[in-house]
Amino acid sequence: TGAGALVPDLAGRHVVVTAGGTREPLDPVRFLGNRSSGKQGYALARTAVARGARVTLLSANSELPDPAGAEVRRVGTAEELRDAVLKAAADADAVVMAAAVADFRPADRAGQKIKKVEGRDPEPVVLVRNPDILAELSAGRAAGQVVVGFAAETENVLANGQAKLARKGCDILVVNQVGEDRAFGTEENEAVILAADGGETPVPHGPKEALADRVWDAVTRRWSAAG
Ligand code: CTP
Ligand code: CA
């Protein structure tokens, strides 16, 4: 069930969605990245526009076309995404972190392209932790603002998801079951939506748009519960 596109139940709301995957530069031409396509985040942005929201989409390196009606801002690294999302979140009713944020970044970014040295192995790449944007958003959220995280788990999906929800301190965690050919870059997703009040909503295998609509349903339930 759920409202679907015809009922503008997100009208008057500002929602922020992050999508894609961050890239952490090693030098001007190379980066550490991940396989996130941005499809789930873009589906969240499109469905929110269809349901009447004002949508800010923060896109990390996605090649997908801008969704009509959303304000799209492009970011590269986790630190750029953090700055952009904290700024956009200031007046947001909901923030959905669908982006795959790199946990680590190279400690140093070479100013010039790294060159081979004849007869020598390369220097090891030293990594440092990136800020945890979702935890920071959750800790700093205003009353009534709903913060949503996404997690991809390969095993113990429910237990790992519940632990992550508690650790991050967010309102909702959407846990994707991933495996060899599941979720990454595909059109379809299978997930369970965990809420901080203990709610567990399984979403059967289906289009990312359908999962997106169920996420907005869960967000509207949290707004109602907050009064
Ligand atoms: N996330 C974030 N900032 C980070 C890492 C992750 O905001 N530095 C967000 C992601 O956008 C996602 C959620 O946190 O919404 C969960 O990401 P995940 O990688 O599953 O969580 P981690 O805490 O990084 O756990 P793990 O060690 O399993 O990767
Ligand atoms: Ca991670």
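Source: prediction; values computed, not measured.

## Side note on the nonpolar core
Right, on to step 1. Counting residues in each nonpolar core, the largest one holds 31 residues, and the members touching the most others are Leu 44, Val 174, Val 215, Trp 216 and Val 219.
Right, on to step 2. When residues of this core are traced back to their parent elements, those giving at least two are strand E1 (14-20), helix H1 (39-50), strand E4 (54-60), strand E6 (94-97), strand E9 (146-153), strand E10 (172-177), strand E11 (188-195) and helix H5 (208-226).
Right, on to step 3. Per element, the largest residue contribution to this core is 7 residues, and it comes from H5.
Right, on to step 4. With sequence-adjacent residues up to four places away left out, Val 219 is seen in contact with Ala 94, Val 146, Val 148 and Ile 172.
Right, on to step 5. Ranked by size, the runner-up nonpolar core spans 25 residues in total, among them Leu 58, Val 75, Leu 137 and Val 175.

## Remarks on the coordination of the calcium ion (ligand 2)
Right, on to step 1. At 2.5 Å from the calcium ion (ligand 2) lie its protein donor atoms, namely Asp 103 (OD) and Asp 103 (OD).
Right, on to step 2. Position of Asp 103 relative to the elements: it lies in the loop between E6 and strand E7 (104-106).

## So, the site of ligand 1
Right, on to step 1. Among the 14 residues in the neighbourhood of ligand 1, the closest are listed as Met 97, Ala 99, Pro 131, Leu 134 and Lys 164.
Right, on to step 2. Separating an oxygen atom of ligand 1 from a backbone N or O atom of Leu 134 is a distance of 2.7 Å.
Right, on to step 3. Between ligand 1 and Lys 168 there is a distance of 2.8 Å, counted from an oxygen atom to a side-chain nitrogen or oxygen.
Right, on to step 4. Protein contacts shield 75% of the accessible area of ligand 1, which totals 580 Å² for the unbound molecule.
Right, on to step 5. Of all the secondary-structure elements, those providing two or more residues to the shell around ligand 1 are helix H3 (133-140), E9 and helix H4 (157-168).
Right, on to step 6. Residues that form the shell around ligand 1 fall into these classes: 8 nonpolar, 1 polar and 5 charged.

About the criteria used
Counting starts from 1 at the beginning of each chain's written sequence and moves along it residue by residue. Each chain gets a letter, beginning with A, and each ligand a number, beginning with 1, in the order they are written. Totals for whole chains, interfaces and linings use every residue, but because this is a predicted model, local features are given only for residues with pLDDT of at least 70 and side-chain atom pairs only at 80 or more, for both listing and counting. Water and hydrogen atoms were dropped before computing side-chain values, which therefore reflect all heavy atoms in the structure. The criterion is simple. A nonpolar core is a set of buried Ala, Val, Leu, Ile, Met, Phe, Trp, Tyr and Cys residues joined through side-chain atoms within 4.5 Å. Note on classification: 1.4 Å probe, protein chains only; a residue is buried when its accessible area is under 20% of the maximum for its type, exposed when over 50%, partly exposed between these limits. Secondary structure counts use DSSP, requiring at least four H or I residues in a row for a helix and at least two E residues in a row for a strand, with both numbered from the N terminus. Note on contacts: a residue pair is in contact if any heavy atoms of the two residues lie within 4.5 Å. Here a donor is an N, O or S atom found within 2.8 Å of the metal, or within 3.2 Å if the metal is Na, K or Ca; sites may look incomplete because water is not among the atoms. The nearness test applies per residue and asks whether one of its heavy atoms lies within 4 Å of the molecule or strand. Definition of a polar contact: a pair of N or O atoms within 3.5 Å, with one able to donate and the other able to accept a hydrogen when the atoms are protein atoms, and with sequence-neighbouring residues admitted only if both atoms are side-chain atoms. All accessible areas in this document rest on Shrake-Rupley with a 1.4 Å probe, and a residue is counted as covered only by the protein chains that are shown. For this classification, Asp, Glu, Lys and Arg are treated as charged, while Ala, Val, Leu, Ile, Met, Phe, Trp, Tyr, Cys and Pro are nonpolar and the rest, including Gly, are polar.

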